[in-house]
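Residues per chain are reported as follows:
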Amino acid sequence: MKSPIHIAVSGAAGQISYSLLFRLAAGALFGPDQPIILHLLEITPALPALEGVVMELKDCVNPVLHGIVVTDDPKVAFKDTDYVFLVGARPRGPGMERNDLLEVNAHIFSTQGRALNEVASRDVKVLVTGNPANTNALIALKNAPNLKPENFSAMSRLDHNRAINQLAEKCGVLSADVKNVIIWGNHSTTQFPDITHAKVKDQEALSLVEKSWFINDFIPTIQQRGAVVIKARGLSSAASAAKAAVDQMSNWVKGTKAGEWVSMGVLSDGSYGITEDLMFSFPVTVTDGKVSIVKGLIIDEFSRERMRLSELELKEEKATIMHLI
Ligand code: NAD
Ligand code: LMR
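Residues numbered from 1 in each chain as written. Chains lettered and ligands numbered in written order. Predicted model: local features only at pLDDT ≥ 70, side-chain atom pairs only at ≥ 80, totals over all residues. Heavy atoms only, no water.

Visitor: Describe the site of ligand 1, listing the residues and the values that go with them.
Guide: Near ligand 1, the surroundings consist of 26 residues, among which Gln15, Glu42, Arg90, Thr129 and Asn131 are the closest. Within the contact set of ligand 1, an oxygen atom lies 2.8 Å away from a backbone nitrogen or oxygen of Gln15. At 3.2 Å, a side-chain N or O of Gln112 approaches a nitrogen atom of ligand 1. Here ligand 1, which alone exposes 870 Å², has 87% of that area covered by the protein. Only helix H1 (15-25) and helix H4 (102-119) provide two or more residues apiece to the shell around ligand 1. The residues that make up the shell around ligand 1 include at least three from each of domain 1 (5-154) and domain 2 (157-323). (Near = heavy atom within 4 Å. Polar contact = N/O pair within 3.5 Å; in protein donor to acceptor, adjacent residues only side chain to side chain. Areas by Shrake-Rupley, 256 points an atom, 1.4 Å probe, with all protein chains shown as cover. Helix = DSSP H or I, 4+ residues; strand = E, 2+ residues; numbered from the N terminus. Domains from an automatic or database assignment.)

As structure tokens, then:
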């Protein structure tokens, strides 16, 4: 019997976790032969609701779920954890931008960054989903100086998956036929969803769709998708966010396929002229758990301008939270 892998999830009584936890308990990350122990973190008032989720997790009798830790203390939640999903944070409502949440959510990530620094496994992989995800990830990373920056990523996989879906629908193909879309920048309306390098059934995507569709339809659809879901559902996206979190962590753990990349928010190393020390979504490949930014893509003026806008927004966000890092 393999020894269990410890996975922590914050915001465990929330909407996203209500989908994420059941995927994890069913073996979505490590398969049917790898036991896991879930560490569930919530704020104190949400612990009674979390008890209900725990009852349901147990009633699913998933064979890989070997234990559940429930706590309102980040140091208990993150103790010796190998994989951490930082989901717990307030979602936006209609009419808000994600960075309107910075003030209410930022302190969560400084506290949790410090706790990770103290008690998590030194090789922990921390995926930040709570919004604004990129800057929250930067806060967590900067509050964990004894962990490597590579231990942290921000979630841009939902945008990446949305881009795949839009392009597949436009071309009348399956999502599996679409490869190498890119999300550049922030998980916000300034993000640049890019199909310049994408392939559809091994053909250049831009040879199959009109440039005007790319610019006037595709880009704003991806940029606004979160708000449109909120308008329709009255709540922010949850099941698709949980799936994206599993996808991003899964690639981080198991690697990317040969010749393919995925989008991940990682600490900028200056690639493509993006200011260092921002959590910026880049195309990345992963081998043996090591994330590498894809280098050498040709960036045209149109793309560069859009990447700059998102970089500028991330710099502004960073300026507002300097006291926390
Ligand atoms: P939710 O309100 O349903 O759940 C959030 C949970 O977090 C609540 O149960 C709350 O009690 C808990 N929480 C708050 N502060 C906490 C803390 N300090 N420690 C632990 N738990 C805490 O929200 P949701 O729909 O699950 O969304 C969670 C976050 O994810 C939001 O910020 C949302 O905007 C964001 N989100 C990001 C993406 C993305 O692509 N990056 C996608 C969807 C949602
Ligand atoms: C999303 O993209 O669906 C989430 O970030 C929620 C939101 O606020 O849009």
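Visitor: Now, about the site of ligand 2: what can you tell me, with residues and values included?
Guide: Surrounding ligand 2, one finds Arg92, Arg98, Asn131, Leu158, Arg162, His187, Gly226, Ile230, Ser236 and Ser237. Arg92 has a polar side-chain atom sitting 2.5 Å from an oxygen atom of ligand 2. In the model, an oxygen atom of ligand 2 is placed 2.6 Å from a nitrogen or oxygen of the Ser237 side chain. Its free accessible area being 260 Å², ligand 2 has 94% of it covered by the protein chains. In this structure the site holding ligand 2 corresponds to the largest pocket. Elements supplying a minimum of two residues to the shell around ligand 2: helix H6 (157-171) and helix H7 (211-233). Residues that form the shell around ligand 2 fall into these classes: two nonpolar, five polar and three charged. (1 Å grid on protein atoms, 1.4 Å probe; cavity = no way out; pocket = protein on both sides within 12 Å on 5 of 7 lines; lining within 4 Å. Sits in = over half its atoms within 2 Å of the grid points. Nonpolar A, V, L, I, M, F, W, Y, C, P; charged D, E, K, R; others polar.)

Visitor: Can you tell me about the layout of surface pockets, naming the residues and giving the values?
Guide: Roughly 940 Å³ of internal volume is contained in the largest pocket. Lining the largest pocket are 44 residues; nearest its centre among them are Val87, Gly88, Ala89, Arg90 and Pro91. Of all the elements in the fold, those that place two or more residues in the lining of the largest pocket are H1, H4, H6 and H7. In terms of residues, the lining of the largest pocket owes the most to one element, H4, which gives six residues. For the lining of the largest pocket, the residue count by class is 18 nonpolar, 19 polar and seven charged. (Points joined across faces, edges and corners; volume = space filled by probe spheres on them.)

Visitor: Let's hear about the sheet that holds strand E7 (residues 178-179): which residues, and what values?
Guide: Across the sheet, three strands lie side by side as E7-E10-E11; this open sheet has antiparallel pairing. Since the sheet does not close on itself, it has two edges, and those belong to E7 and strand E11 (203-204), each with one partner. One ladder, built from two bridges, connects strand E10 (residues 199-200) with E11; its direction is antiparallel. Each bridged residue has a counterpart across the sheet, and for Lys199 the counterpart in E11 is Glu204. (Pairing = 2+ DSSP bridges.)

Visitor: Let's hear about the domain arrangement of the protein: which residues, and what values?
Guide: In terms of domains, the protein is made up of domain 1 (5-154) and domain 2 (157-323). Centre-to-centre, using C-alpha coordinates, domain 1 lies 23 Å away from domain 2. Of the residues lining the interface, 40 residues belong to domain 1; the matching set on domain 2 comes to 40 residues. In total, about 3100 Å² of surface goes out of reach between domain 1 and domain 2, with carbon and sulfur atoms giving 66% of it. Its largest share of buried area at the contact with domain 2, domain 1 owes to Arg98, Lys125 and Asn134, together 20% of the area lost on that side. Joining domain 1 to domain 2, the criterion identifies one salt bridge. Between Lys142 and Asp277 there is a salt bridge, and its shortest N-O distance comes to 2.9 Å. (Contact = heavy atoms within 4.5 Å. Buried area = accessible area lost by both parts, 1.4 Å probe. Salt bridge = Lys/Arg side-chain N within 4 Å of Asp/Glu carboxyl O.)

Visitor: Before we move on, could you go through helix H9 (residues 301-320) and cite the residues and values that matter?
Guide: Spanning 20 residues, H9 covers 29 Å between terminal C-alpha atoms, matching the ideal 28 Å at 1.5 Å per step. The set of residues buried in H9 consists of Phe302, Ser303, Met307, Ser310, Glu311, Glu313, Leu314, Glu317 and Lys318. On its buried face, H9 is in contact with H4, helix H5 (133-142), strand E8 (182-184), strand E9 (192-194), H7 and strand E13 (279-287). (Expected span 1.5 Å × (residues − 1). Buried < 20%, exposed > 50% of the residue type's maximum accessible area, 1.4 Å probe, protein only.)

Visitor: Got a sec to walk through the packing of aromatic side chains? Specific residues and values, please.
Guide: In total, this model carries eleven aromatic pairs according to the counting rule given. An aromatic cluster of at least three residues, connected via ring pairs, comprises Phe192, Trp213, Phe214, Phe218 and Phe302. One residue, Lys211, lies across the ring of Phe302, its end atom 5.6 Å from the ring centre. (Phe/Tyr/Trp six-rings, centres within 6.5 Å; stacked < 30°, edge-to-face > 60°. Lys NZ or Arg CZ within 6 Å of the ring centre and 35° of its normal.)

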